[in-house]
Amino acid sequence: MVSRVIPVDDFDLVIFGGTGDLARRKILPGLYRRCLSGQVPDDARIIGAARSDMDTEGYRQMIREAIAEFGGPEAADGKAIDRFLTRLHYVTVDARGDGGWKELHDLLRKDVINAFYFSVGPGLFGDLAERLLRFEIADTNARIVVEKPFGRDLESARALNATLAQHFNEDQIYRIDHYLGKETVQNLMAVRFGNVLFEPLWNNHYVDHIQITVAETVGVEGRGAYYDKSGAMRDMVQNHLMQLLCLIAMEPPSMFDADAVRDEKLKVIRALQPVDYHHIVRGQYDKTRTSADYRTDAEDPRSHTESFVALKAHINNWRWAGVPFYMRTGKKLKARSSEIAVVFKDLGHSIFPGDEARHRNILSIQLQPNEGIKLQVTIKEPGPGGMRLVDVPLDMTFAEALGPDAEGVPDAYERLIMDVIRGNQTLFMRGDEVEAAWAWTDPIIEGWKARNDVPKLYDQGSSGPEDALMLLHRDGRKWREIKE
Ligand code: NAD
């Protein structure tokens, strides 16, 4: 199959925080790969803007090193990197000062798309937005990209939305959740809404339950002080896991269009039942002989912040009444794996004598480390020996059939940045969605605080605390194994 890269229009993209970790690890290597694919016009430019005192040459050198480190196999192409670096410029700006802004104004071309990536802490969003307008840098066509965390509760998210709304319209604001940029997330929508097979089964008549797991093997990795103010609920559940839940559970939108999709996602969040305290398990990873516990990593020996959370949620609507959605996420678990599993109900009656096994259809959507969709189906074990049944995974990504194209698949950041340039907000969170998600998670977090809840310790390299296993066990169910 021939790769079909559709070029985007010409643009100037300013990355505030262009010298930061995210810019060096994800944004710039991603842009480099998009340039290499031929998707970016020759004249398009990328302007790093940050507090560090540096010139364009120094910035190009910094990004050369970043691409060598984080650019993947494509980073071996020295000539391509040289060409890419000529697109880069750098301006020293202080989000809270006035220096550098006039220079940025003069550098930008007005006749191309202007996008501004706020890859800085949310405390600077207001300062950046205000200066972009005061210095007449951004107009009503400009696009603003903002990173997580989008607030730490409903109140702060509302304040952030209000700050941005003072300066920009909602259709200019792109709130990134990189989970939505994954190829498989879009494939999930294609599978659900592009086939007649699944939609009739996608409800409480046929689905027993749904599991969403985002497991990491890393700990807080030097970000302890930051993470400890956040925890798994704020850092992962409120955004990534809830976004995945929305895509799985939403009604079919009338068309694949930004507001139609986001309207349906919002309805799911609003239909979520408040979670019963007994249906949540919090955990913290314990120490091992060679590695520190969460509290040491978090630099707070009395921390009650969770590095793991598992919960059972219910959606109050006709489609999902009675179907549990089990979600869990945690650090220092046994494998790095993100998966959504739709577990269908048992057959009411088996016609195969002697077959006592419990055969279930399971649609498993794997997001990382390897992306793919597999449908577990029951078939006859081939060969002689009578009618023996066996469960096999049907690979629905058709990697072999679609072959070489898979290599050109952009990663989540690359895809989302190109969507910003295209002006397509479908895979970005709308302000009301983010607020609704906080409105659901806030009472959970407040409940923990009010009860002075202490997280359960769990072994590093395990599947989380024992209580998390019990959460499903009590319902006669079992978590899927966490494996790569
Ligand atoms: P970082 O601390 O590595 O970099 C911060 C950048 O902001 C630097 O370029 C710095 O010069 C710039 N900066 C700081 N204060 C400034 C000011 N007053 N004026 C102008 N520039 C200023 O941070 P990071 O890890 O790159 O994260 C950036 C944002 O992205 C944060 O909001 C973070 O929560 C979010 N984020 C980061 C990651 C990640 O993997 N690093 C992942 C998801 C979200």
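Residues numbered from 1 in each chain as written. Predicted model: local features only at pLDDT ≥ 70, side-chain atom pairs only at ≥ 80, totals over all residues. Heavy atoms only, no water.

Details of the domain arrangement of the chain
Okay, step 1: Structurally, the chain comprises domain 1 (11-147) and domain 2 (180-474).
Okay, step 2: For domain 1 and domain 2, the distance between their C-alpha centroids amounts to 33 Å.
Okay, step 3: Taken residue by residue, the interface counts 17 residues in domain 1 and 11 residues in domain 2.
Okay, step 4: Looking only at domain 1, the three residues that lose the most surface to domain 2 are Lys26, Arg34 and Arg143, adding up to 36% of its buried area.
Okay, step 5: Between domain 1 and domain 2 we count 3 salt bridges in total.
Okay, step 6: The shortest N-O distance in the salt bridge between aspartate 411 and arginine 33 comes to 3.4 Å.
Okay, step 7: Across the contact surface, domain 1 and domain 2 share 6 residue pairs in polar contact (both at pLDDT 80 or more). (Domains from an automatic or database assignment. Contact = heavy atoms within 4.5 Å. Buried area = accessible area lost by both parts, 1.4 Å probe. Salt bridge = Lys/Arg side-chain N within 4 Å of Asp/Glu carboxyl O. Polar contact = N/O pair within 3.5 Å; in protein donor to acceptor, adjacent residues only side chain to side chain.)

Here's the deal with the UniProt feature "active site" (unreviewed entry) in the chain
Okay, step 1: The UniProt record marks His240 with the feature "active site" (unreviewed entry), using the residue numbering of this structure.
Okay, step 2: For histidine 240, the location among the structural elements is in helix α9 (residues 231-249).
Okay, step 3: Once you skip the residues sitting within four places of it in the chain, histidine 240 turns out to touch Lys148, Asp177, His178, Tyr179 and Asp235.
Okay, step 4: Of the polar contacts made by the side chain of histidine 240, one reaches the side chain of aspartate 177; its length is 2.7 Å. (UniProt positions renumbered as here; feature names shortened; annotations may be inferred. Helix = DSSP H or I, 4+ residues; strand = E, 2+ residues; numbered from the N terminus.)

Brief notes about the site of the ligand
Okay, step 1: Near the ligand lie 20 residues; those nearest to it are Thr19, Asp21, Leu22, Arg25 and Ala95.
Okay, step 2: Glycine 17 places a polar main-chain atom, nitrogen or oxygen, 3.4 Å from an oxygen atom of the ligand.
Okay, step 3: Separating a nitrogen atom of the ligand from a backbone N or O atom of alanine 95 is a distance of 2.8 Å.
Okay, step 4: Summarising the interface, the protein chains cover 73% of the accessible area of the ligand, which totals 830 Å² for the free molecule. (Near = heavy atom within 4 Å. Areas by Shrake-Rupley, 256 points an atom, 1.4 Å probe, with all protein chains shown as cover.)

Looking at the environment of alanine 80
Okay, step 1: If you trace the backbone, alanine 80 turns up in helix α3 (residues 78-85).
Okay, step 2: Sequence separation between alanine 80 and alanine 162 is 82 residues, and the spatial gap between their C-alpha atoms is 42 Å.
Okay, step 3: Once residues within four sequence positions are removed from consideration, alanine 80 is found in contact with Tyr32 and Leu36.

Remarks on the pairing of strand β1 (residues 11-16)
Okay, step 1: Taken across its 6 residues, β1 has 6 buried, putting it largely inside the fold.
Okay, step 2: Burial of the side chains of β1 extends over both faces: Phe11, Leu13 and Ile15 are buried on one face and Asp12, Val14 and Phe16 on the other.
Okay, step 3: As paired elements, β1 and strand β4 (residues 113-118) share 6 bridges and run parallel to each other. Within β4, the position partnered with phenylalanine 16 by the bridge is phenylalanine 118.
Okay, step 4: Across 5 bridges, the pairing between β1 and strand β2 (residues 45-50) is parallel. Within β2, the residue paired with aspartate 12 across the bridge is arginine 45.
Okay, step 5: A crossover links β1 with its parallel partner β2, the connecting element being helix α1 (residues 21-36), and its sense is right-handed. (Buried < 20%, exposed > 50% of the residue type's maximum accessible area, 1.4 Å probe, protein only. Pairing = 2+ DSSP bridges. Right-handed = clockwise from strand over helix to strand, strands pointing away.)

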